[in-house]
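For reference, the chains in residue letters:
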Amino acid sequence: DAKISECCEGWAIDRIGKAELAIMRIAVYEILFEDDVPDSVAVNEAVELTKLYCDEDAKGFVNAVLGKVVRSLNGD
């Protein structure tokens, strides 16, 4: 949650929808701890899940936040 909060500019974590937050938590876990899952795959799977279970606009938000997570870990 700390990594998600850090990358959600202007959004408090309690304002994020439950489904979106759960999807991002899974993706951040994969990005941080699953070496056999490429970061791009974790992000793409999260976006696909968001398309299924969340509002249409949520996919862009999830993609942006997870992109910032990946960039922050890569030093960009």
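Residues numbered from 1 in each chain as written. Predicted model: local features only at pLDDT ≥ 70, side-chain atom pairs only at ≥ 80, totals over all residues. Heavy atoms only, no water.

A.B. asks: In this structure, what is going on with the packing of helix α2 (residues 18-33) against helix α3 (residues 39-53)? I would like to understand it.
C.D. replies: Packed helices, taken two at a time, are described by their axes: the angle between them and the distance between them. Between α2 and α3, the shortest axis-to-axis distance is 9 Å and the interhelical angle comes to 165°. When the axis of α2 is compared with that of α3, the two are roughly antiparallel. For the pair α2 and α3, the crossing hand works out as right-handed. Judged by residue contacts, A19, I23, A27, E30 and I31 of α2 engage D39, A42, V43, E45, A46, L49, T50 and Y53 from α3. Each residue belonging to the contact of α2 with α3 can be placed in one class, and the counts come to 9 nonpolar, 1 polar and 3 charged. (Axes fitted to C-alpha atoms, helices over the stretch in contact; angles between N-to-C directions. Helix = DSSP H or I, 4+ residues; strand = E, 2+ residues; numbered from the N terminus. Parallel < 35°, antiparallel > 145°, perpendicular 65-115°, else oblique. Left-handed = near helix turned anticlockwise from the far one by under 90°. Contact = heavy atoms within 4.5 Å. Nonpolar A, V, L, I, M, F, W, Y, C, P; charged D, E, K, R; others polar.)

A.B. asks: Please clarify how the side chain of E20 should be interpreted in this entry.
C.D. replies: Along the chain, E20 turns up in helix α2. For the buried E20, no salt bridge is present, and the opposite-charge side chain at shortest range is K18, 9.5 Å distant. Setting aside residues up to four positions removed in sequence, E20 forms contacts with C54, A58 and V62. (Buried < 20%, exposed > 50% of the residue type's maximum accessible area, 1.4 Å probe, protein only. Lys, Arg positive; Asp, Glu negative; His and termini not counted. Salt bridge = Lys/Arg side-chain N within 4 Å of Asp/Glu carboxyl O.)

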